[in-house]
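Analysis of the macromolecular model
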Amino acid sequence: MSLNPEQVLSALSEVTDPGTKKKLPVTSKNTEIEIEGDTASITVPLGYPLHNGEEELRKRIETALASFGAKLGVLKVASKVETHAVQAGLRPLPGVRNIIAVASGKGGVGKSTTAVNVALALSAQGARVGLVDADIYGPSVPIMLGLSGRPRILDDKRMEPLSGHGLQANSIGFLIDGDAPAIWRGPMATQALLQLLTQTAWSDLDYLIVDMPPGTGDIALTLAQKVPLTGAVIVTTPQDLALADAVKGLKMFQKVNVPVLGIIENMSVHICTNCGHAEPIFGEHGGRDLAAKENLPWLGSLPLQLSIRTQTDSGKPTVVAEPEGEAARAYHEIAQRMAVNVASLPRDMSGKIPTVVARKM
């Protein structure tokens, strides 16, 4: 048979992306098709970094091509992360396509450890990722990424982010002495956070992960209202006390029209380092049940594991310290689901809507 690119493109346009559950976003401009006899080698675009999902995508494309006697040769995936819509009245930050808040209703649930490992997982999957430490009173990003020093001030007075394990990062911890407390009232702390976000020269980021302060106080609320967020992720433990506060956190984002991308259950089971015995010391399935109750995506669970703590404290978090380990695989799966959920959101159209100016004649 004689194949032509139009036939192949038409077949691809009917293939459902196994991640987003939507049709592949293929066009003649963003899809490469090379034909040799009855075989087509294809490069398809996806709106998120693909991780361990190529086999299922290949099967679907092979089925589509086989319907008219064609075969699939080499399949390549081109990740192109789009800018997605933010709260009404706000526009995305320059140099950042999507800002994702990682939050919890209370402290002590491992939110910061989760934020840094998810950011590192996205980076390892091929995305350009930044991390900002929004916990003004207890910054932990410098320790977690093994970074020190102050950001360089550029000619335009913006701060150049520091780089750790491939992440662009900024934190109040880079700007004050390591043992100096931030003795600031709410308005001053809030202003410092907004400056960290808006006056850092982020460079072409697909995702900027914000490690939120715990709770739903002034700083968290201001961030949710004034920073252009694509979405938020809630971290909790299975414990009833943590779940009750997690509900407050997700409700805060919903009230300011920030999509909740899903729930992560941390410390879901304790793994004994001596015998490997698994014990759910904080309860079972609390995060999963909360996601089902609130009709929110379930992103996954993480163990209470000594190595996660020691690796993060050493400045080399689990995803880079033990990339083939079970915990790292869990972070990768969570990061993939989160990125897919971002890709499913409406795209940002603010730059395409003309400004209307009314003049009195």
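Refer to the structure presented above.
Counting restarts for each chain: residues are numbered from 1 in the order of the written sequence. Selection of residues for local features in this predicted model requires a pLDDT of at least 70, selection of side-chain atom pairs for listing and counting requires 80 or more, and totals for whole chains, interfaces and linings are taken over all residues. To get the side-chain values, all heavy atoms of the structure are used, and hydrogens and water are removed first.

1. Quick notes on the sheet that holds strand S13 (residues 298–301)
Definition in use: Each pair of strands is called paired provided DSSP finds at least two bridges between the two strands. Under the scheme used here, helices are H or I runs from DSSP no shorter than 4 residues and strands are E runs no shorter than 2 residues, and both carry numbers assigned from the N terminus. Orientation is described by lines fitted to C-alpha atoms, with helices fitted over the stretch in contact, and by angles between N-to-C directions that extend from 0 to 180 degrees. Whether two residues are in contact is decided by their heavy atoms, any of which lying within 4.5 Å being enough.
If you walk across this open sheet you meet the eight strands as S6-S7-S5-S8-S4-S9-S10-S13, and the pairing is mixed. Single-partner strands in this sheet number two, and they are strand S6 (162–164) and S13. Within this sheet the neighbouring strands show an average axis-to-axis angle of 25 degrees, counted without direction. In this sheet, strand S10 (residues 260–265) lies alongside strand S9 (residues 231–236) in parallel orientation, the contact comprising five bridges. Bridging from a neighbouring strand, Val 233 pairs with Gly 262 of S10. Against the sheet, helix H7 (residues 240–255) touches strand S4 (99–103), S9 and S10, its axis set at about 175 degrees to S9. Its contacts with the sheet put helix H11 (residues 326–343) on S4, strand S8 (207–211), S9, S10 and S13, and the angle it makes with S13 is roughly 170 degrees.

2. Here's the deal with the environment of Thr 190
The topology assignment puts Thr 190 in helix H5 (residues 186–198). Thr 190 sits 47 residues away from Thr 237 along the chain, and the two C-alpha atoms are 27 Å apart. Ignoring sequence-local partners within four residues, the contact set of Thr 190 consists of Asp 218, Ile 219 and Thr 222.

3. What to know about the packing of helix H3 (residues 111–124) against H11
In plain terms, the rule: The labels follow the angle: roughly parallel below 35 degrees, roughly antiparallel above 145, roughly perpendicular from 65 to 115, and oblique for the rest. Any residue that is not Ala, Val, Leu, Ile, Met, Phe, Trp, Tyr, Cys, Pro, Asp, Glu, Lys or Arg is counted as polar, Gly included; the first ten are nonpolar and the last four charged.
Contact geometry of H3 with H11 gives a least axis separation of 8 Å together with a crossing angle of 75 degrees. Classified by the angle their axes make, H3 and H11 are roughly perpendicular. Every residue of H11 that contacts H3 at Thr 113, Thr 114, Asn 117, Val 118, Ala 121, Leu 122 and Ala 124 is listed here: Tyr 331, His 332, Ile 334, Ala 335, Met 338 and Ala 339. Here the contact of H3 with H11 is composed, by residue class, of nine nonpolar, four polar and no charged.

4. A look at the pairing of strand S7 (residues 167–171)
Short version of the rule: Each residue is assigned to one of three classes by its accessible area relative to the maximum for its type, calculated with a 1.4 Å probe on protein chains only: buried under 20%, partly exposed between the two thresholds, exposed over 50%.
For S7, the buried fraction is high: five of the five residues fall into the buried class. The alternating pattern of S7 places Leu 167, Ala 169 and Ser 171 and Gln 168 and Asn 170 on opposite faces, both of which are buried. Of the strand pairs in this sheet, strand S5 (residues 129–133) and S7 are connected by four bridges, and their pairing is parallel. When the sheet's bridge partners are listed, Gly 130 is paired in S7 with Gln 168. Sheet topology places S6 next to S7; three bridges connect them, and they run antiparallel. Bridge pairing in S7 links Ser 163 to Gln 168. Hairpin connection of S6 to S7: two residues between the antiparallel strands, including His 165 at a positive phi of 55 degrees.

5. With respect to the pattern of salt bridges
To be explicit about the condition: Salt bridges are defined as contacts in which a side-chain nitrogen from Lys or Arg sits within 4 Å of a carboxyl oxygen from Asp or Glu.
Taken as a whole and assessed by the stated rule, the structure comprises 15 salt bridges. Among the salt bridges present, the one from Lys 111 reaches Asp 211, with a minimum N-O distance of 2.7 Å. In this pair, Lys 111 is assigned in helix H3 and Asp 211 in strand S8, connecting sequence segments 100 residues apart. There is no split in this pair, since Lys 111 and Asp 211 are both buried. Where Arg 158 meets Asp 156, a salt bridge forms, and the shortest distance between an N and an O atom there is 2.8 Å. Take Asp 156: its relative accessible area is 44%, and that puts it in the partly exposed class.

6. Thoughts on unusual backbone geometry
Residue Lys 21 is not a glycine yet carries a positive backbone phi of 65 degrees. Looking at the element boundaries, Lys 21 is found in the loop between helix H1 (5–12) and strand S1 (32–36). Phi at Asn 295 takes a positive value of approximately 55 degrees, unusual for a residue other than glycine. Judged by relative accessible area, which is 70%, Asn 295 ranks as exposed.

7. Section: the pairing of S10
Burial analysis of S10 places six of its six residues in the buried class, the great majority of the element. Both S10 and S13 contribute to a ladder of three bridges, which runs parallel. Directly across from Ile 264, in S13, lies its bridge partner Gly 300.

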